[in-house]
Amino acid sequence: MEQTSDLPSKLSKPAMRAFAGAGYAKLDQFAELTEKDVLELHGVGPTAIVLLRQALADKGLSFRK
């Protein structure tokens, strides 16, 4: 099976389930969301935001303001 997600591998299982349930599998999708939007997903906490923020920055992206 092909790995289609480019999300950080260190994300917790609850966060990954929350993202999958909401239809988020690609990092660039998070550039369209605010940190607050992401935190509203059940299973997502501050650690996930830090990991996503760093991964986005590595690609020259950021959360929407």
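Description of the structure in this document. The shown structure was predicted, so the numbers you read here are calculated from the model rather than taken from an experiment.

Quick word on the overall build of the protein
Across its full length, the protein holds three helices and zero strands. In the protein, the succession of helices and strands from N to C terminus is α-α-α. In terms of overall dimensions, the protein is globule-like: its C-alpha atoms have a radius of gyration of 11 Å, near the 11 Å expected for 65 residues. For the C-alpha atoms alone, the extent of the protein along its principal axes is close to 35 × 25 × 20 Å. Taking the contacts inside the protein whose residues are at least 6 apart along the sequence as the reference set, 50% of them involve residues at least 24 apart.

Concerning the pattern of salt bridges
Inspection of every chain in the model, using the stated rule, returns four salt bridges. Its salt-bridge partner being K36, residue E40 comes within 2.8 Å of it at the nearest N-O pair. The class of E40 is exposed, set by a relative accessible area of 55%. Across the salt bridge formed by D37 and R64, the nearest N and O atoms sit 3.5 Å from each other.

Quick word on the packing of aromatic side chains
Applying the stated rule across the entire model yields two aromatic pairs. Relative to F30, the ring of F19 has its centre 4.9 Å away and its plane inclined at 75°; by these criteria the two rings are edge-to-face. Of this pair, F19 sits in helix α1 (residues 13-22) while F30 sits in the loop between α1 and α2 (35-39); the two residues are 11 residues apart in sequence, bridging distant segments of the chain. Aromatic side chains Y24 and F30 sit 5.3 Å apart centroid to centroid with 50° between the ring planes, which places their arrangement in the tilted category. Members of the aromatic cluster, each reached through a chain of ring pairs, are F19, Y24 and F30.

Let's talk about the nonpolar core
In this structure, L7, F19, F30, V38, V44, L52 and F63 are the most contacted members of the largest nonpolar core, which totals 16 residues. In terms of residue count, the dominant contributor to this core is helix α3 (residues 46-58) (five residues). Apart from residues lying up to four places away in sequence, F30 is in contact with L7, F19, Y24, V38, L52, L56 and F63.

Cut-offs and rules
- Residues numbered from 1 in each chain as written.
- Predicted model: local features only at pLDDT ≥ 70, side-chain atom pairs only at ≥ 80, totals over all residues.
- Heavy atoms only, no water.
- Helix = DSSP H or I, 4+ residues; strand = E, 2+ residues; numbered from the N terminus.
- Rg over C-alpha atoms; globule rule 2.2 N^0.38 Å.
- Contact = heavy atoms within 4.5 Å.
- Salt bridge = Lys/Arg side-chain N within 4 Å of Asp/Glu carboxyl O.
- Buried < 20%, exposed > 50% of the residue type's maximum accessible area, 1.4 Å probe, protein only.
- Phe/Tyr/Trp six-rings, centres within 6.5 Å; stacked < 30°, edge-to-face > 60°.
- Core = buried A, V, L, I, M, F, W, Y, C linked by side-chain atoms within 4.5 Å.

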